[in-house]
Amino acid sequence: VQLQASGGGLAQAGGSLRLSCAASGRTFSNNVMGWFRRAPGKEREFVAAISLRGGSTLYADSVKGRFTISRDNAKYTIYLQMNSLKPEDTAVYYCVADASRVIPSKWAPSYNYWGQGTQVTVSS
């Protein structure tokens with residue numbers, strides 16, 4: 001499975017960005033997909049995840065109410081709509097996929113596949 005993330009860039013505080021992640025390969029096994037991020041000098045952090053049918057979502061407390069994860073299974077793509085961005089959202093965002101679980105998890109080792117990352121920079 002290959003995960004190709006896009007949509008990162010520069011935004012001002014209070015602004016918005018939308019990340020996309022297109023999956024290719026064994027896409028039928030992407031039961032849960034989501035996003036992690038790593039800010040400079042910090043550990044990797046869970047952001048959001050969504051179940052195969054989109055009926056179950058999970059968010060980090062730090063982004064709840066500001067970020068929305070969604071998926072289009074016909075396009076094998078997930079999205080992360082990021083609103084009310086803050087400078088502390090600055091990070092490299094990684095798309096992830098889990099081949100076995102059906103319930104979204106915040107636990108990084110549960111995700112089998114990781115994309116290459118896309119940079120998000122929020123200026124104050």
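Rules used in this analysis
Residues numbered from 1 in each chain as written. Predicted model: local features only at pLDDT ≥ 70, side-chain atom pairs only at ≥ 80, totals over all residues. Heavy atoms only, no water. Helix = DSSP H or I, 4+ residues; strand = E, 2+ residues; numbered from the N terminus. Rg over C-alpha atoms; globule rule 2.2 N^0.38 Å. Buried < 20%, exposed > 50% of the residue type's maximum accessible area, 1.4 Å probe, protein only. Pairing = 2+ DSSP bridges.

Our next topic: the overall build of the chain. Broken down by element type, the chain carries 0 helices and 11 strands. For the chain, the succession of helices and strands along the chain, N to C, is β-β-β-β-β-β-β-β-β-β-β. Against the globule reference of 14 Å for 124 residues, the chain gives a C-alpha radius of gyration of 13 Å, in line with a compact fold. Projected onto its principal axes, the C-alpha positions of the chain cover 40 × 25 × 25 Å. Here the chain, with 124 residues, has 45% of them falling under the buried criterion.

All right, on to the pairing of strand β7 (residues 67-72) then. In β7, alternate side chains face the same way, and those of F67, I69 and R71 are buried while those of T68, S70 and D72 on the opposite face are not. In terms of strand pairing, β7 meets strand β8 (residues 77-82) through 6 bridges, oriented antiparallel. The partner of F67 across the bridge, within β8, is M82. Counted along the chain from β7 to the antiparallel partner β8, the turn is 4 residues long, and its residue Y76 has a positive phi close to 50 degrees.

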